[in-house]
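Reading the structure
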Amino acid sequence: MSYQIAIDGPAGAGKSTIAKLVSKELGFVYVDTGAMYRAMALNCLNNGIDKNDEESVVALCEKTDVSIKYIDGEQAVFLNGENVNGLIRTPEVGNVASSISVYGKVREKLVSLQQSLAVSENVVMGGRDIGSVVLPNADLKIYLDADVNVRAKRRFDELVQKGEAPSFDTILEEMKERDYRDTHRDNSPLVRVPDAVYVDSSYMTIEEVKDAISEEFRKLGK
Ligand code: DC
């Protein structure tokens, strides 16, 4: 019997950072599902496929192999056998991932990969539809939120740290667009399920958020 913690929330709420820390503390495997959509998005970009052309995106997706391996405890995403972890963290790939994740056939393929990973391992899984669709019986569901201005500022700081010179207003606009698309799509939109614990990380430190979530799990007495 394995344990499952689902962490859903909008882009930039800190899901990956927090889920990594919580999984380390509890000795669980961390599964970042956004990385799988990002790998599919990279695949479309590499093949010159228009993200709005559903038929072509789905056709490419069907002949694409996405898999996950753990290297020194860190998740690595493989696209047709190539480790693409270093290539998927750009705003462009994130935006294309958000666009192609509206297609049911793309989701079907990645959801079954996600569910298979949670069968035999204790997992902390982060995404948009984990508590609602992927792991509806998860032991603990968290909805991790933050004010959109705070989330845009975090993205902005991240890019500045990488030596880039981003425009805050562009990042904010893109984030709002992404929020809208992720919450309004027909297939498995981002929703706050009624049984999720709501955590607003806007004015919390990473450590505080990690402790709050670990504590919620311990409270279950599992
Ligand atoms: O969490 P992220 O920014 O890496 O996710 C990139 C995009 O992938 C996100 O905007 C929507 C999509 N996604 C999804 O539809 N379902 C998930 N479980 C995870 C991500």
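First, a word on scope: everything that follows refers to the structure included in this document. (Residues numbered from 1 in each chain as written. Predicted model: local features only at pLDDT ≥ 70, side-chain atom pairs only at ≥ 80, totals over all residues. Heavy atoms only, no water.)

Concerning the overall build of the protein chain
Within the protein chain, the secondary structure is distributed over nine helices and eight strands. Taking 17 Å as the expected radius of gyration for a compact globule of 222 residues, we find that the protein chain reaches 17 Å, a close match to that expectation. Along the first, second and third principal axes, the C-alpha set of the protein chain runs to 50 × 40 × 35 Å. The buried share among the 222 residues of the protein chain stands at 47%. (Helix = DSSP H or I, 4+ residues; strand = E, 2+ residues; numbered from the N terminus. Rg over C-alpha atoms; globule rule 2.2 N^0.38 Å. Buried < 20%, exposed > 50% of the residue type's maximum accessible area, 1.4 Å probe, protein only.)

Here we look at the sheet that holds strand β4 (residues 74-79)
The three strands lie next to each other as β3-β4-β5, forming an open sheet whose pairing is antiparallel. Every other strand in the sheet has two partners, leaving β3 (66-71) and β5 (82-83) as the edge strands with one partner each. Sheet topology places β3 next to β4; six bridges connect them, and they run antiparallel. By the bridge assignment, Val66 is partnered in β4 with Leu79. (Pairing = 2+ DSSP bridges.)

Overview of unusual backbone geometry
Its identity as a non-glycine residue notwithstanding, Asn80 has a phi of 45°, on the positive side. Considering the arrangement of structural elements, one finds Asn80 in the loop between β4 and β5. Of the residues examined, Asn80 reaches a relative accessible area of 47% and is grouped as partly exposed. The phi torsion at Ser188 lies on the positive side, around 45°, for a residue other than glycine. Along the polypeptide, Ser188 turns up in the loop between α8 (168-184) and β8 (197-200).

A short note on the layout of surface pockets
One number sums up the size of the largest pocket: a volume of about 1300 Å³. Looking at the lining of the largest pocket residue by residue, the classes come out as 16 nonpolar, 16 polar and 18 charged. Here the second largest pocket defines a volume of roughly 210 Å³. Lining the second largest pocket are Lys20, Ser23, Lys24, Phe28, Val29, Tyr30, Tyr70, Asp72, Gly73, Glu74 and Gln75. Going through the elements one at a time, α1 (15-26), β2 (29-32) and β4 are the ones with two or more residues in the lining of the second largest pocket. Ranked by the residues each element gives to the lining of the second largest pocket, the list is headed by α1, at three residues. Along the lines of polarity and charge, the residues of the lining of the second largest pocket split into four nonpolar, three polar and four charged. (1 Å grid on protein atoms, 1.4 Å probe; cavity = no way out; pocket = protein on both sides within 12 Å on 5 of 7 lines; lining within 4 Å. Points joined across faces, edges and corners; volume = space filled by probe spheres on them. Nonpolar A, V, L, I, M, F, W, Y, C, P; charged D, E, K, R; others polar.)

Things to note about the sheet that holds strand β7 (residues 140-145)
One open sheet accounts for five strands, arranged β2-β6-β1-β7-β8; its pairing is parallel. Whereas interior strands pair on both sides, the edge strands pair on one side only; in this sheet they are β2 and β8. In this sheet, neighbouring strand axes are inclined to one another by 20° on average, regardless of whether the strands run parallel or antiparallel. In this sheet, β8 lies alongside β7 in parallel orientation, the contact comprising four bridges. Of the residues in β8, the one forming a bridge with Leu144 is Val199. (Axes fitted to C-alpha atoms, helices over the stretch in contact; angles between N-to-C directions.)

Structural notes on the site of the ligand
The ligand sits among 16 residues. The nearest are Arg38, Arg107, Asp129, Arg178 and Arg185. For the ligand, an oxygen atom lies 3.3 Å from a polar atom in the side chain of Ser101. Here an oxygen atom of the ligand and a side-chain polar atom of Arg107 are 2.8 Å apart. Coverage of the ligand by the protein chains reaches 96% of its 440 Å² of free accessible surface. Judged by the proximity of its atoms to the pocket grid, the ligand belongs to the largest pocket. Listing elements by their share of the shell around the ligand, those giving two or more residues are α2 (34-46), α4 (91-100) and α8. Examining the composition of the shell around the ligand, we find that three residues originate from one element, α2, more than from any other. Class assignment for the residues of the shell around the ligand results in three nonpolar, five polar and eight charged. (Near = heavy atom within 4 Å. Polar contact = N/O pair within 3.5 Å; in protein donor to acceptor, adjacent residues only side chain to side chain. Areas by Shrake-Rupley, 256 points an atom, 1.4 Å probe, with all protein chains shown as cover. Sits in = over half its atoms within 2 Å of the grid points.)

Focus on the packing of helix α3 (residues 54-62) against helix α5 (residues 104-120)
Direction vectors running N to C along α3 and α5 enclose 20°, while the axes themselves pass 9 Å from each other. By the angle between their axes, α3 is roughly parallel relative to α5. α5 is crossed by α3, and the crossing has left-handed handedness. Contacts between α3 and α5 pair Val57, Val58, Cys61 and Glu62 from the former with Lys105, Val106 and Lys109 from the latter. Across the contact of α3 with α5, the residue classes tally to four nonpolar, no polar and three charged. (Parallel < 35°, antiparallel > 145°, perpendicular 65-115°, else oblique. Left-handed = near helix turned anticlockwise from the far one by under 90°. Contact = heavy atoms within 4.5 Å.)

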